[in-house]
Amino acid sequence: MRTARHMSRIAATAGAAVLMLVAGMATPSQAAEGTFFYTRADTGRETFLGSTPTGPCLAIPGGARLAHNDTDTDAQLYTNSSCTSSSRFLGSRQQDEYAAPYPTYVKFG
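Now for a description of the structure that goes with this document. (Residues numbered from 1 in each chain as written. Predicted model: local features only at pLDDT ≥ 70, side-chain atom pairs only at ≥ 80, totals over all residues. Heavy atoms only, no water.)

Notes on the sheet that holds strand β2 (residues 46-49)
Each strand in a sheet pairs with its neighbour through backbone hydrogen bonds, running either in the same direction (parallel) or in the opposite one (antiparallel).
Part 1: Here we have 4 strands laid out as an open sheet, ordered β2-β1-β4-β7, and antiparallel in their pairing. At either margin of the open sheet sits one strand with a lone partner, and together these are β2 and β7 (94-97). The sheet shows a mean angle of 20 degrees between the axes of neighbouring strands, direction not considered.
Part 2: As judged from the 4 bridges shared by strand β4 (residues 64-71) and β7, these two strands associate in the antiparallel manner. Across the sheet, the residue bridging to His68 is Gln95, located in β7. (Pairing = 2+ DSSP bridges. Helix = DSSP H or I, 4+ residues; strand = E, 2+ residues; numbered from the N terminus. Axes fitted to C-alpha atoms, helices over the stretch in contact; angles between N-to-C directions.)

The structure is reproduced here in structure tokens:
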């Protein structure tokens, strides 16, 4: 009898864990509130990213010579489209200047 109770608790715990995992995956990603400004490395013009969702790897067209993260979410800047190389941290409400190779992708969150 004790084993049956123990097994049902394990099954209930596992079921709850699966439900939480599925519910978490179904939740749409939140956007970082605010604006990510940067000075393009290729033209020297200041521009910004129009959408800053948390999670996906976003392109920084022209590369960032100077970046200002005026969002409420920390960011990581990268030099490749898979957001795996040359990670550079840029905290919320911070700015930083970069040298070549310039970051060309950013990930919030």
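Re the state of the cysteines
Each disulfide consists of a covalent bond between the sulfur atoms of two cysteine residues.
Part 1: Throughout the structure, instances matching the rule amount to 1 disulfide.
Part 2: Put simply, Cys57 and Cys83 are joined by a disulfide, and their sulfur atoms are 1.8 Å apart. With the S-S bond torsion at 80 degrees, the cross-link from Cys57 to Cys83 turns out right-handed. On the criterion of sequence distance, the pair formed by Cys57 in strand β3 (residues 57-59) and Cys83 in the loop between β5 (75-78) and β6 (88-90) is long-range, its members being 26 residues apart.
Part 3: Residue Cys57 is classed as partly exposed on the basis of its relative accessible area of 25%.
Part 4: Under the relative-accessibility criterion, Cys83 is labelled buried at 7%. (Disulfide = S-S within 2.5 Å. Buried < 20%, exposed > 50% of the residue type's maximum accessible area, 1.4 Å probe, protein only.)

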